[in-house]
Amino acid sequence: MSYIPHTDAERQQMLAAVGVTTIEDLFEAVPASHRFPKLDLPAPMSEMEIMAELQSMAEANEHAGDFALFRGAGAYHHFIPAAVNHILLRSEFYTAYTPYQPEVSQGTLQAIFEYQSMMATLTGMDAANASHYDGATSLAEAVTVAMDVGRGKRRKVILSPAINPQYREVVRTYHQGTSTKFVGDNGQAGINDLVDMLDDDTAMLAVAYPNFFGQIDDLKGLAEEVHSAGAILVIVANPMALALFKSPGELGADIVVGEGQPLGIPLSYGGPYLGFFCTKMKHVRRIAGRIVGETVDEDGKRAFVMTLRPREQDIRREKASSNICTNQGLMALSACVYLSLMGKNGLKQAATLNYHKAHYAADQIDMLDGYTVDRSKPFFNEFQVKCPQPVTEINEQLIQKGIIGGYDLGQDYPHLQNTMLIAVTETNNREEIDSLVAELKEIAS
Amino acid sequence: MNEPLIYDMSVAGRTSALLPALDVPETPLPKDLLRDTLDLPEVSELQVMRHFVRLSHLNHSIDTGFYPLGSCTMKYNPKINEDTARLPGFAQLHPRTDDEGAQGALALMHQLQTWLAEISGFQAVSLAPAAGAQGEFAGILMIRKYHQDRGDTKRTKILVPNSAHGTNPATVSMAGFEAVELPSDNNGDVDLAALRAACDDTIAGMMITVPSTLGLFEGHILDVIKAVHACGGLMYMDGANMNALMGAVKPGELGFDVMHYNLHKTFSTPHGGGGPGSGPVGVNDKLKPFLPGPVVEIVDEGSDEEPPLYGMKMPEKSIGRLKAFYGNFGMHVRAYTYIGIHGDSGIKDITRHAVLNANYIRVKLRDTYKVPYDRICAHEFVLEGHFEGVENVHALDISKRLMDYGIHPPTNYFPLIVPEALMIEPTETEDKATIDEFIDVMKKIATEAQTDPDLLRTAPHTAPVKRLDEVRAAKQLVLCCRPVPEWAAGD
């Protein structure tokens, strides 16, 4: 099947108007030697057939609809109110493009402006952009801003080893063509060790909040140290945790980035997600990506428009700081609708449920023989457990019982062999948690 | 009347009852780490629904009207795509699931990699890039690493024609190269003499859009590729215009070393009001080891009884990860659905009808508007949005007037090499009646420009708002509707 509406008669009329006999005549500019190659694709399928095929592929996956999920490590299974999807399926939103023509894009523009406002208040900053691809690329873009703030003279970036390892990989991918040096993350450096690395070559220092291990580090005084060295402080935050804990802005961050997926975006095997990027106003002209601002139309009526456009690639070309053009518009809408529905009280309630359930699970697991929960720092909805066996072996047994166990930290951190990172959210009820605890006990005995 | 901001509807104390009660004992919260206030709206679900539905009415979209936005391929987004991407086995699949538990997703990605490679004649595909711009970035980083791997470090420049998308030169700079702009000749093709003069052992490669942003198939594309290869450079094809090529020519067979696909253009995944996109990259054997990862490979071929086992692998000399996890998987599901539905014959038909629609509009408008490169075009073409003898009527005015007729403006002022450019791309999914109506409206606007030019200059008249004060937006810089927090004030 296809979505091409032309009838034979219409096709003939159109070809005649163009002055050719067949559609193939329109391709004479293509070198004859390479024109009309064979396409080895299957025969067309009907809607019913493709749906059946994809249903069977989808059901071959071990997903949160069928399993009790205790895995996070950068992507979290949270409740999404039904209304979010209903708004996302408004095709006036999802079949529109970037709001280049503001007169007929006020819906998208106002929603992004509201999203920016919510993200700025959530992170305690005074501006946000319309988003980046994901948390990792937001961090990579923060490095570019830091280089600009350091006027290209400061080349060093200090990364905490407790930032998501994939984010640290992405940052290096992005900056492999530059002379930026990344330090700090190849061992077990704590916040104080990172501070000791500050010098007059340092452009930025980045930490995660909560960190990759779910812990809330004590960041008091960090901003003063970073600023007195002439660098900027970037905090990689989990937005769900920010409903409870002090905002990165209050802690003195210059830029706050992170993964917006917890805000109403499904797991979807890792994408599309939402990279949020918030900043203090003084850096806003240096940041990449779309930004929506308020203005008025000719009649003085309030309206919204993409602003500070001369920073962007389509105008600045090779002098632009980033090549980004589209963002994650629909995902920003998702977060905006989610935050509206949950609201001030709902988001705090969700975060509180995460906290209590994770701590209940941690307490129960800590009491089991052979398992030790790391309690060295406060944590939010994720915690580390030292296990009596390799994590992969435990997970193989858990999956038989309908449970997707925690993440194997030994893959990324050699000193954390047999250490499982367990995430518990508001979607895990007590029965699921108790069954995880019972199975872990059974496995260790 | 303005739609109020969601914050303006907020009433203190209004709560929603979306979440279940706490079913475990409480743990004391660490008081000195907690925040004092959370400034989010307090509104009901009905208020939220009405607000966003009303906002949606303020948008022009493909599902509400014709959207001939050149180079963006605003084709119909089939609804089945939305349903397949939301199947629980995909939407609720955690990205850290062990490969054994994600075989359905991996099989889908592997098949999509194979189909995309087949459609454009490449040996391997990575689905990792999150958008076209990221695909471009990946492509140029691969070229960089390829030369480095061979110990060839003096190649510091990438050639870019002056008709290129802005992302091309921006990508070149981002990857640490210098962009060298090439002029176009009188036919709108790359100036071959200038190209040959620029080719030497400092050239790492060239980025070129095929067909070009003028909507023209490069007349001597094989000569261009040959010249760059002869000096040791690699060829990057910007695949933004792939909708003009499927079943007509395979870029890999022409000699391109690498290209990116825009799943949100060619393969109908929705544009989403500005993303998410998806920008896979295809490469030949030369660049395969450098692909961004991870990519999906067959780990065990399986047998008649057992399906193959798929796994995620980082290519041997990969440029690295471009984002967390594996690209925009939800877009991969939609593109798979689209290719599966069309199959071999349908995919070819897409391109043929996209090209037919564009040429039909071109010949119907060529007597009314100046078409600067007036020859058989690909899936889009560029005309000049101004009229002899009419002062101060610009492409922008024509664009705004189109809104009054319920049509989204074409891309305007791009490519930069055409004055007052209007770039028109109808796509294959528009029927003849819609296209004829567009042609009539464009002619009518041309008449209005003569008889009542102010009608154009003051347009739009029927859109939700009139023209905006963009200077004020940039000057006053109101980016957030909430009060600035005390710790941020004064900076």
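Anyway, here's the lowdown on the structure attached to this text.

The rules behind each value
- Residues numbered from 1 in each chain as written.
- Chains lettered and ligands numbered in written order.
- Predicted model: local features only at pLDDT ≥ 70, side-chain atom pairs only at ≥ 80, totals over all residues.
- Heavy atoms only, no water.
- Pairing = 2+ DSSP bridges.
- Helix = DSSP H or I, 4+ residues; strand = E, 2+ residues; numbered from the N terminus.
- Axes fitted to C-alpha atoms, helices over the stretch in contact; angles between N-to-C directions.
- Contact = heavy atoms within 4.5 Å.
- Patch = residues over 30% accessible without salt bridge, like charges linked within 9 Å, V, L, I, M, F, W, Y side chains within 5 Å.
- Areas by Shrake-Rupley, 256 points an atom, 1.4 Å probe, with all protein chains shown as cover.
- Salt bridge = Lys/Arg side-chain N within 4 Å of Asp/Glu carboxyl O.
- Lys, Arg positive; Asp, Glu negative; His and termini not counted.
- Charge placed at Lys NZ, Arg CZ, Asp CG, Glu CD.
- Buried < 20%, exposed > 50% of the residue type's maximum accessible area, 1.4 Å probe, protein only.
- Core = buried A, V, L, I, M, F, W, Y, C linked by side-chain atoms within 4.5 Å.
- Domains from an automatic or database assignment.
- Buried area = accessible area lost by both parts, 1.4 Å probe.
- Polar contact = N/O pair within 3.5 Å; in protein donor to acceptor, adjacent residues only side chain to side chain.
- Nonpolar A, V, L, I, M, F, W, Y, C, P; charged D, E, K, R; others polar.
- Disulfide = S-S within 2.5 Å.
- Phe/Tyr/Trp six-rings, centres within 6.5 Å; stacked < 30°, edge-to-face > 60°.
- Lys NZ or Arg CZ within 6 Å of the ring centre and 35° of its normal.
- Expected span 1.5 Å × (residues − 1).
- Parallel < 35°, antiparallel > 145°, perpendicular 65-115°, else oblique.
- Left-handed = near helix turned anticlockwise from the far one by under 90°.

Notes on the sheet that holds strand E4 (residues 203-209) of chain B
Residue and element names in this part refer to chain B. Taken together, seven strands build an open sheet; the order of strands is E1-E7-E6-E5-E4-E2-E3 and the sheet is mixed. If you trace the sheet from one side to the other, it starts and ends with strand E1 (124-126) and strand E3 (178-182), each paired once. Neighbour-to-neighbour, the strand axes of the sheet open up by a mean angle of 25°, direction not taken into account. Of the strands in this sheet, E1 and strand E6 (258-261) are in contact with helix H4 (residues 103-120), which crosses E6 at around 120°.

What about a negative patch on the surface?
Residues and elements named next belong to chain B. Together, Asp300, Glu301, Asp304, Glu305 and Glu306 line one region of the surface with negative charge. On the secondary structure map, Glu306 appears in the loop between strand E8 (295-300) and strand E9 (309-313). For Glu306, a relative accessible area of 52% translates into the label exposed.

Let's talk about the nonpolar core
It is characteristic of soluble globular proteins that their nonpolar side chains tend to be buried jointly. Leu347 of chain A together with Leu195 of chain B are the most contacted members of the largest nonpolar core, which totals 267 residues. Among the domains, domain 1 (68-79 + 344-444) and domain 2 (83-338) of chain A are the pair contributing at least three residues each to this core.

Regarding the interface of chain B and chain A
At the junction of the two partners, chain B supplies 202 residues and chain A supplies 193 residues. Between chain B and chain A the total buried area reaches about 17500 Å² when both faces are included, carbon and sulfur atoms providing 63% of it. Its largest share of buried area at the contact with chain A, chain B owes to Arg35, Arg96 and Leu479 of chain B, together 5% of the area lost on that side. Seen at the junction of chain B and chain A, the total is six salt bridges. When the shortest N-O distance is used, the salt bridge between Asp23 of chain B and Lys357 of chain A registers 2.9 Å. There are 93 residue pairs in polar contact (both at pLDDT 80 or more) connecting chain B and chain A. Sort the elements by how many residues they give to the side of chain B that touches chain A and helix H10 (residues 329-365) of chain B lands first, with 27 residues. Tallied by class, residues from the side of chain B that touches chain A come to 109 nonpolar, 51 polar and 42 charged.

With respect to the state of the cysteines
In total, this model carries zero disulfides over all chains according to the counting rule given. For Cys72 of chain B, which is in no disulfide, the shortest distance to another cysteine sulfur is to Cys325 of chain A and amounts to 8.8 Å. Classification of Cys72 of chain B by relative accessible area gives buried; the value is 6%. With no disulfide of its own, Cys481 of chain B lies closest to Cys480 of chain B among cysteine sulfurs, the gap being 5.7 Å.

Side note on the packing of aromatic side chains
Summed over the entire model, instances satisfying the criterion amount to 20 aromatic pairs over all chains. Where Tyr97 of chain A meets Tyr100 of chain A, the ring centres are 6.0 Å apart and the plane angle is 70°; that geometry is what we call edge-to-face. Judged by centre distance (5.3 Å) and plane angle (80°), the rings of Tyr269 of chain A and Phe329 of chain B are edge-to-face. Of this pair, Tyr269 of chain A sits in the loop between strand E7 (255-259) and strand E8 (275-279) while Phe329 of chain B sits in helix H10, placing the two residues on different chains. Judged by its relative accessible area of 0%, Tyr269 of chain A is buried. An aromatic cluster is present here, built from Tyr269 and Tyr273 of chain A together with Phe90, Phe325, Tyr326 and Phe329 of chain B joined pairwise through their rings. One residue, Arg96 of chain B, lies across the ring of Tyr407 of chain A, its end atom 4.4 Å from the ring centre.

A few points about the pairing of strand E15 (residues 419-423) of chain A
Residues and elements named next belong to chain A. Burial analysis of E15 places five of its five residues in the buried class, the great majority of the element. Burial along E15 is two-sided: the residues Thr419, Leu421 and Ala423 and Met420 and Ile422 are all buried. Sheet analysis places strand E12 (residues 382-386) next to E15, joined by five bridges and oriented antiparallel. Along E15, the bridge assignment pairs Glu382 with Ala423. Pairing of strand E14 (residues 407-408) with E15, which is carried by two bridges, proceeds in the antiparallel orientation.

Focus: helix H1 (residues 45-56) of chain B
With 12 residues, H1 of chain B extends 16 Å between its outermost C-alpha atoms, agreeing within 8% with the 16 Å of an ideal straight helix rising 1.5 Å per residue. Buried within H1 of chain B we find Val48, His51, Phe52, Val53, Leu55 and Ser56 of chain B. At its buried positions, H1 of chain B is contacted by helix H3 (82-88), helix H4 (91-94), helix H5 (106-123) and helix H11 (329-366) of chain A.

Quick notes on the side chain of Asn164 of chain A
Within the secondary structure layout, Asn164 of chain A lies in the loop between strand E3 (156-159) and helix H7 (165-174). Ignoring any residue separated from it by four or fewer positions in sequence, one finds Asn164 of chain A in contact with Ala73, Gly74 and Phe212 of chain A together with Arg96 of chain B.

Regarding the packing of H4 of chain B against H10 of chain B
All names here are of chain B. Orientation of H4 relative to H10, taken along the N-to-C sense of each, is 50°, at an axis distance of 10 Å. Compared by their axis directions, H4 and H10 come out oblique. Viewed along their axes, H4 and H10 form a crossing whose handedness is left-handed. Where H4 abuts H10, its residues Ala105, Leu108, Met109, Gln111, Leu112, Trp115, Leu116 and Ile119 lie against Phe329, His332, Val333, Ala335, Tyr336, Ile339, Gly340 and Ile347. Each residue belonging to the contact of H4 with H10 can be placed in one class, and the counts come to 13 nonpolar, three polar and no charged.

Describing the pairing of strand E12 (residues 421-424) of chain B
Residues and elements named next belong to chain B. Across the two faces of E12 the burial is the same, with Ala421 and Met423 and Leu422 and Ile424 all buried. In this structure, strand E10 (residues 381-384) lies alongside E12, joined through four bridges in antiparallel fashion. Bridging from a neighbouring strand, Phe381 pairs with Ile424 of E12.

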